[in-house]
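Here are the chains, one letter per residue:
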Amino acid sequence: MRNTGISVYQETLNQLRDNLIKGKWNPGQRLPTMKTLAAHYGVSHTTMREALKSLEIEGAISIEHGRGIYVRNDPRSITAIDADTVANIPLLDLLQARLLVEPELTALCAQNSDSKIGNKLVLMSEDIDKKMRHGGNFLAIDLQFHQVIAQGAKQPALEKMVRSIDEYQLGSRARTNTLPKMRTISIYYHALIALAIAEHDSENARSLMAMHIHSMIRPLKQIAEVDNQSQPSD
């Protein structure tokens, strides 16, 4: 580590951030372990832990205990955070909006789509699984998975409505990726939803999509409750 007159922590943070911006690690990619990073940059584990925590707060990475450290999947998360139009929209509001629309679209897709749509969704769910487990930009294919469902529902007006909020959908997914165990849960639901649609089981498809969205809503509500309880009373 060079002696630049700034703290070791700040220099470590600056170098990590610079490497992320320059694309040393791709969106969705798993970073080396904290121990390996500390050794590479010649700093203590404590310094590296604090630098990585700062990057997580900035929205650049996701630290998943027991799984590893991942680059956030929104490629704009480092270079254009201020331009993110969903930054000021509560994530719970985004998910509640999805809950109002997506389960019914999923049921219609199972009811109205042909075998090509079902097979495509099954293959996409397998690709999502692969990218989530081994690293890769699965944010885009996750969004595409839901767009294909909207297409398969054969409701042009609803499909156009869904496509019109793609940017909000990207923000929602980028932010829910950091919830505990969300990658594993997401893999599970995408696979089951794809299978239900492929089997034209509209009721099961509707139920699974609702459960998928609720699996993100519940932990967010719990976090909000804890935060409210920790607020000092007047």
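Summarised in this report is the structure supplied together with it. (Residues numbered from 1 in each chain as written. Predicted model: local features only at pLDDT ≥ 70, side-chain atom pairs only at ≥ 80, totals over all residues. Heavy atoms only, no water.)

For the protein chain, the count of helices and strands is 10 helices and two strands. A total of 234 residues make up the protein chain; the buried ones form 44% of that total. Partitioning the intrachain contacts of the protein chain with sequence separation of at least 6 by distance along the chain shows that 72% fall at a separation of at least 24. Accessible surface for the protein chain amounts to roughly 12400 Å². Of this, 53% is attributable to carbon and sulfur atoms. (Helix = DSSP H or I, 4+ residues; strand = E, 2+ residues; numbered from the N terminus. Buried < 20%, exposed > 50% of the residue type's maximum accessible area, 1.4 Å probe, protein only. Contact = heavy atoms within 4.5 Å. Areas by Shrake-Rupley, 256 points an atom, 1.4 Å probe, with all protein chains shown as cover.)

Relative orientation and spacing of two packed helices are given, respectively, by the angle between their axes and the distance between those axes. Interaxial distance between helix α4 (residues 91-112) and helix α9 (residues 182-198) falls to 7 Å at its minimum, and their mutual angle equals 40°. When the axes of α4 and α9 are compared, the pair comes out oblique. Contact residues: Thr106, Cys109 and Ala110 in α4; Ile193, Ala196 and Ile197 in α9. Taken together, the residues of the contact of α4 with α9 sort by class into five nonpolar, one polar and no charged. (Axes fitted to C-alpha atoms, helices over the stretch in contact; angles between N-to-C directions. Parallel < 35°, antiparallel > 145°, perpendicular 65-115°, else oblique. Nonpolar A, V, L, I, M, F, W, Y, C, P; charged D, E, K, R; others polar.)

With the exception of glycine, the majority of residues adopt a negative phi angle, and the majority of peptide bonds are in the trans configuration. The phi dihedral of lysine 154 falls on the positive side, at around 55°, and the residue is not glycine. Here lysine 154 is to be found in the loop between α6 (138-152) and α7 (156-164). For lysine 154, a relative accessible area of 52% puts it in the exposed group. Phi angles above zero are rare outside glycine, and histidine 200 is one such case at about 60°. With respect to the helices and strands, the residue histidine 200 is situated in the loop between α9 and α10 (202-230). We classify histidine 200 as partly exposed; its relative accessible area is 42%.

Summed over all chains, the structure comprises two cavities of 30 Å³ or more. If you add up the space inside the second largest cavity, you get close to 40 Å³. For the second largest cavity, the full set of lining residues is Glu102, Leu105, Thr106, His146, Ile149, Ala150, Val162 and Met209. Of all the secondary structure elements, the ones that give two or more residues to the lining of the second largest cavity are α4 and α6. Along the lines of polarity and charge, the residues of the lining of the second largest cavity split into five nonpolar, two polar and one charged. (1 Å grid on protein atoms, 1.4 Å probe; cavity = no way out; pocket = protein on both sides within 12 Å on 5 of 7 lines; lining within 4 Å. Points joined across faces, edges and corners; volume = space filled by probe spheres on them.)

This brings us to the packing of aromatic side chains. All chains considered together, the criterion is met by one aromatic pair. Seen from their ring centres, tyrosine 188 and tyrosine 189 are 5.1 Å apart, and the 75° between their planes marks the pair as edge-to-face. Classification of tyrosine 189 by relative accessible area gives buried; the value is 11%. (Phe/Tyr/Trp six-rings, centres within 6.5 Å; stacked < 30°, edge-to-face > 60°.)

Positionally, histidine 212 belongs in helix α10. A relative accessible area of 3% places histidine 212 in the buried class. Apart from residues no more than four positions distant in its own chain, histidine 212 is found in contact with His146, Ser186, Tyr189, His190 and Ile193.

Another point: the nonpolar core. Soluble, globular proteins show a tendency: their nonpolar side chains are buried together. Leu95, Leu121, Phe145, Ile149, Ile193, Ile197 and Ile213 are the most contacted members of the largest nonpolar core, which has 30 residues in total. For this core, the elements supplying multiple residues, two or more each, are α4, α5 (115-134), α6, α9 and α10. Discounting chain neighbours no more than four positions away, the residues touching isoleucine 197 are Thr106, Cys109, Ala110, Ser113, Gly118, Leu121, Ile149 and Ala205. Leu20, Trp25, Leu31 and Met48 belong to the second largest nonpolar core, which has 18 residues in total. (Core = buried A, V, L, I, M, F, W, Y, C linked by side-chain atoms within 4.5 Å.)

Taking 1.5 Å as the rise per residue, α5 with 20 residues should run 28 Å; its terminal C-alpha atoms sit 29 Å apart, in good agreement. Within α5, burial applies to Ile117, Gly118, Leu121, Met124, Ser125, Ile128 and Met132. Mapping the buried residues of α5 onto a view down its axis gives an arc of 125°, with all of them on the same face. Across from the buried face of α5, at angles greater than 90 degrees, the exposed residues are Lys116, Leu123, Lys130 and His134. The backbone nitrogen of lysine 116 has a side-chain oxygen 3.1 Å away, supplied by the residue at the start of α5, namely aspartate 114. (Expected span 1.5 Å × (residues − 1). Arc of directions from axis to C-beta. Polar contact = N/O pair within 3.5 Å; in protein donor to acceptor, adjacent residues only side chain to side chain.)

Note on placement: histidine 190 falls in helix α9. A distance of 2.7 Å separates a polar atom in the side chain of histidine 190 from the backbone oxygen of serine 186. Setting aside chain neighbours within four positions, we find histidine 190 in contact with Ser125, Ile128, Asp142, Phe145, His146 and His212.

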